[in-house]
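# Observations on the model geometry
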Amino acid sequence: MNKQTITLAENWQFKQVTEAEWMKAEVPGTVHTDLMLNGKIDDPYYRMNERSVQWVDKEDWVYKTSFKIDASTLKHQHIQLHFDGIDTYGSIYLNNQKVGRTDNMFREWDFDIKSYLVEGENTLKVVLESPIQEGLKALDKHGYALPAINDQSEIGELGDKQVSIFTRKAGYHYGWDWGPRLVTSGIWREVTLQMWDNNKIDNVLVQQNTNQDKAEVTLVTELDQSSNQPLRLVAKLDGKVVDQREVETSIKSVQQHFTINNPKLWWTANLGEPYLYQLEVELYNGQNLLDVHQERIGLRDIKIVQKPDEDGKGKSFYFEVNGRPVFVKGANYIPNDLFLPRVSDSTYHHMIQSTLDANMNMLRVWGGGIYENDIFYDLCDEKGILVWQDFMFACSMYPGDKAFLENVKQEAVDNVKRLRNHASIAIWCGNNEMEMAWAPGEEKMGWGWKQQYTVAQRAEIWGDYEKVFHEILPDVVKDYTDNQFYWRSSPTGGDGEVAHYEHRSGDMHYWGVWHGEHPFSDFRKYIGRFMSEYGFQSFPEFKSVKKYTIPEDYDIESEVMASHQRSGIGNLRIKKYMEDQYQVPADFEDFLYVGQLLQAESIYAAIQAHREKMPYCMGSLYWQLNDCWPVASWSSMDYYGEWKALQYFAKEVNKNTSLIVNHDEKNLSVKIASDVAVQSVSDLTVKLIDFKGNELFDFSKTVEEIKENNTTEVFTTTLREALKEKDKNGILVVTTLKNGGVLIDTDYHYFVMQKELKLPQPQLEYTFEEKGNDLLVTVSTDKLVKNLFIEVNQDNVDLTNNYFDLLPNQKMEVLISSRVNEKISKNNLEFKHLQQTMTELVK
Ligand code: BMA
């Protein structure tokens, strides 16, 4: 092949520009992690250390490496220096001559360097200018401040000077309500030398028209051609040639067509197999292979359906995959670290596997983070997880000068081209919450932003918004993708209408519970067509908290714990809602545990309410799947990858076919919500038992048919009939659904708040069985156990179940295994259940 790539990952050194001493550096890397590596700063995630590293982002840094080039390599016609990403302002020098400058973390950069190279030793230097100093200059030039509510400028020692919006860099680096302020710099993605002669493939756009019977595929290949040689382009699918053609010398863009009959379709995880074909596009000169483009593609058709309701008052908003409406189950996703290059492939595997294991079928890559690494999308493709992709703008208003707009356009082109062929990409969205916060044309709506400005400034700010989100970004999606869907902002009511809680079109972020202090029961009241955000916070489990604290910090109000809680109202909200539902434990460790249950129960109920409203509501993405550092947040997995109680509860409530049991003052009802049709007869049993296991009521029936994307009531009775004179505090309803003898779902339903449950003191028995490195724990009990938590004091472990209720005389098997092949020791296990945390006796 005439193309050659050399990765520049070795011999890197760095220093502060004003200092003399060079230190060892990692590329890809960040200044902060390199300073840690050299023992110059302490881990910013530990206790209050974040505060002592705020100087780092105000300095300029320089990285250098050297590499050898031999005479034959130098003969290549084209030699480019390629950066997959530079964070952010970088001046690039080769052999002390400036070859260019970068100013956008999200873009890829190419510099022609043939004329700068010499035979033998070459030096590459990258000067990283402080994003804060650059931001301050831009703020000065702009003349007035712009809204950036999550920018923690005070912690950054800048007073009220919020500069994040002026730099095209991940917003969350400047702080968020779940993140610290650590404004990084670094060569954060790979650096390569790319060499070729005459011709290469630049990129390939895959277009398809797919249905069950056939897929008509068009490949649009862009070539970099500078020779007069006759060329041939060969397309292969799963190793078989599907098209080949001669290419005329002057042509830059070539189309190839082929048809696949009876294609193996790509499906979301819950509906089928996410089949991927291996695509190769090869460029030949005679028999000589010049270049090859490889990727895995899915044959599928994805649409977003917005059909007016019959009464004309709203419109649907649902995803249709291969002609089938899909109820979306999932979560919002943020970057896994502030220091992005250290996020390992195994972290990505764990995240996406956990998404799949929690029976989800979509992640929303939220706009305050990054356009994720390729591996993220590869894994989503493989596992059948749809991706809602935001462009990187969130909760702020941005400038709109010519240079900024041109920069944004290039960023969009780079990322759209990189990601568009992934089977998982389902929607492109302009930004997070900006339309709703500004609320154009609605004086009474919004977050009070526009009221801070003069008429002229308001016109300018909204004008700049429209240029980016109503022109540049939709144009890029239109021009560079296979007709993919663009949505202006999340949330938006659609048709230019601002989203609100009563709106009957578009997507909805429901924050009445939490921010608005609505009761949990309001999750059932405010349901839109597609719930793209809602959430509730919790702390990490104690094992995780111990990693960033010392015993004197073990109080949620301590300075250290408060610093790892970035929502100003966070602790207040958790305590208030906990008081409503639970007996609030005085013990710190118990508080963390009960807090996780509180979060899990509330979001479980929300997801259930959304599914119950199918097909009116066709999506439920809670805020948020993961964390970027150890912190109290809305996440269902903590920074160390530990599943919180919510992740287990999500797994339960997201099952394709799920029981929903509810009661009100008068009635008890059982419903079945299902994403899929179940044609054969199913068996439903509904039992009422007390906490010692006595049966008080027993009902069973067969269910003839379960419909897809629908919720059907299958049983109802009056409370009077079911409960008789029984004590509500000591009973529960156990509902099971079986099909052909196979258990589909079980649900336990209680009649009172957790704080009012008369939980008995159970006699628990445990047996342990080693299975290779894994440990099988079998738990049994004589009386009801509520929310048994198996705490494993080992890292990187998976449990098949946790935080579960165990019925009297029931047995539960939990397999504990290690993701790093370690032996699980029973000595590392501790157990906790709710009754142990309750100090007040329920009368
Ligand atoms: C949502 C998100 C984030 C934020 C979260 C919790 O609206 O888009 O901006 O972290 O709320 O407040």
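Cut-offs and rules
- Residues numbered from 1 in each chain as written.
- Predicted model: local features only at pLDDT ≥ 70, side-chain atom pairs only at ≥ 80, totals over all residues.
- Heavy atoms only, no water.
- Patch = residues over 30% accessible without salt bridge, like charges linked within 9 Å, V, L, I, M, F, W, Y side chains within 5 Å.
- Areas by Shrake-Rupley, 256 points an atom, 1.4 Å probe, with all protein chains shown as cover.
- Salt bridge = Lys/Arg side-chain N within 4 Å of Asp/Glu carboxyl O.
- Lys, Arg positive; Asp, Glu negative; His and termini not counted.
- Charge placed at Lys NZ, Arg CZ, Asp CG, Glu CD.
- Helix = DSSP H or I, 4+ residues; strand = E, 2+ residues; numbered from the N terminus.
- Pairing = 2+ DSSP bridges.
- Axes fitted to C-alpha atoms, helices over the stretch in contact; angles between N-to-C directions.
- Expected span 1.5 Å × (residues − 1).
- Buried < 20%, exposed > 50% of the residue type's maximum accessible area, 1.4 Å probe, protein only.
- Arc of directions from axis to C-beta.
- Contact = heavy atoms within 4.5 Å.
- Core = buried A, V, L, I, M, F, W, Y, C linked by side-chain atoms within 4.5 Å.
- Domains from an automatic or database assignment.
- Buried area = accessible area lost by both parts, 1.4 Å probe.
- Polar contact = N/O pair within 3.5 Å; in protein donor to acceptor, adjacent residues only side chain to side chain.
- Disulfide = S-S within 2.5 Å.

Turning our attention to a negative patch on the surface. On the surface, Glu466, Glu471, Asp475 and Asp479 cluster together to form a negatively charged patch. Looking at the secondary structure, you find Glu471 in helix α8 (residues 455–480).

Read from one edge to the other, the open sheet built from 3 strands follows the order β11-β12-β15, with strand pairing classed as antiparallel. Strands at the two margins of the open sheet, each flanked by one partner only, are β11 (199–210) and β15 (253–261). Going from strand to strand, the sheet's axes swing by 20° on average, the running direction of each strand aside. The pairing of strand β12 (residues 214–225) with β15 spans 9 bridges and is classified as antiparallel. Looking at β15, one finds that Val220 is bridged to Gln255.

Take helix α11 (residues 570–581) next. The terminal C-alpha atoms of α11, which comprises 12 residues, lie 17 Å apart, in line with the 16 Å expected from a rise of 1.5 Å per residue. For α11, every residue scored as buried is listed here: Gly570, Asn571, Arg573, Ile574, Tyr577, Met578 and Gln581. Axial view of α11: buried residues confined to an arc of 160°, hence all on one face. As for α11, its buried residues are in contact with α12 (588–612).

With that settled, the discussion passes to the pattern of salt bridges. The full count for this structure, using the stated rule, is 50 salt bridges. Of the charged contacts, one joins Arg51 and Glu50 as a salt bridge, the two residues approaching to 3.9 Å between their closest N and O atoms. Residue Glu50 is classed as buried on the basis of its relative accessible area of 1%. Sharing partners across several salt bridges, the network here consists of Arg101, Glu129, Glu134 and Lys137.

With that out of the way, let us pick up the nonpolar core. In terms of nonpolar packing, the biggest core is built from 194 residues, with Leu81, Phe83, Phe376, Phe391, Tyr622 and Ile816 touching the most fellow members. If you tally residues by element for this core, the top one is α12, at 13 residues. Those residues within four positions of Leu81 in sequence are excluded, and the remaining contacts are Leu8, Ile92, Trp109, Asp110, Phe111, Ile113, Leu124, Val191, Thr192 and Leu193.

Taking 1.5 Å per residue as the helical rise, helix α4 (residues 345–357) with its 13 residues ought to reach 18 Å, and the 18 Å between its terminal C-alpha atoms agrees with that figure. Looking at α4, one finds that the buried residues are Tyr348, His350, Met351, Ile352, Ser354 and Thr355. Contacts made by the buried residues of α4 are with β21 (328–333), β22 (362–365), α5 (374–383), α13 (645–653) and β39 (797–799).

Considered domain by domain, the protein is made up of domain 1 (4–193), domain 2 (198–297), domain 3 (328–642), domain 4 (657–756) and domain 5 (764–837). Computed over C-alpha atoms only, the centres of domain 3 and domain 5 are separated by 32 Å. With 17 residues of domain 3 in contact, the opposing surface of domain 5 contributes 17 residues. Of the roughly 1300 Å² buried between domain 3 and domain 5 on both sides combined, carbon and sulfur atoms contribute 46%. Connecting domain 3 to domain 5 are 3 salt bridges. Between Glu601 and Lys786 there is a salt bridge, with the nearest N and O atoms lying 4.0 Å from each other. Linking domain 3 to domain 5 there are 7 residue pairs in polar contact (both at pLDDT 80 or more). Looking at the side of domain 3 that touches domain 5, the elements that each hand over two or more residues are α9 (542–548) and α12.

A separate point is the state of the cysteines. Following the criterion strictly, the structure yields 0 disulfides and no others. Cys395 forms no disulfide, and the closest cysteine sulfur to it belongs to Cys429, at a distance of 12 Å. When its relative accessible area of 0% is taken as the criterion, Cys429 is described as buried.

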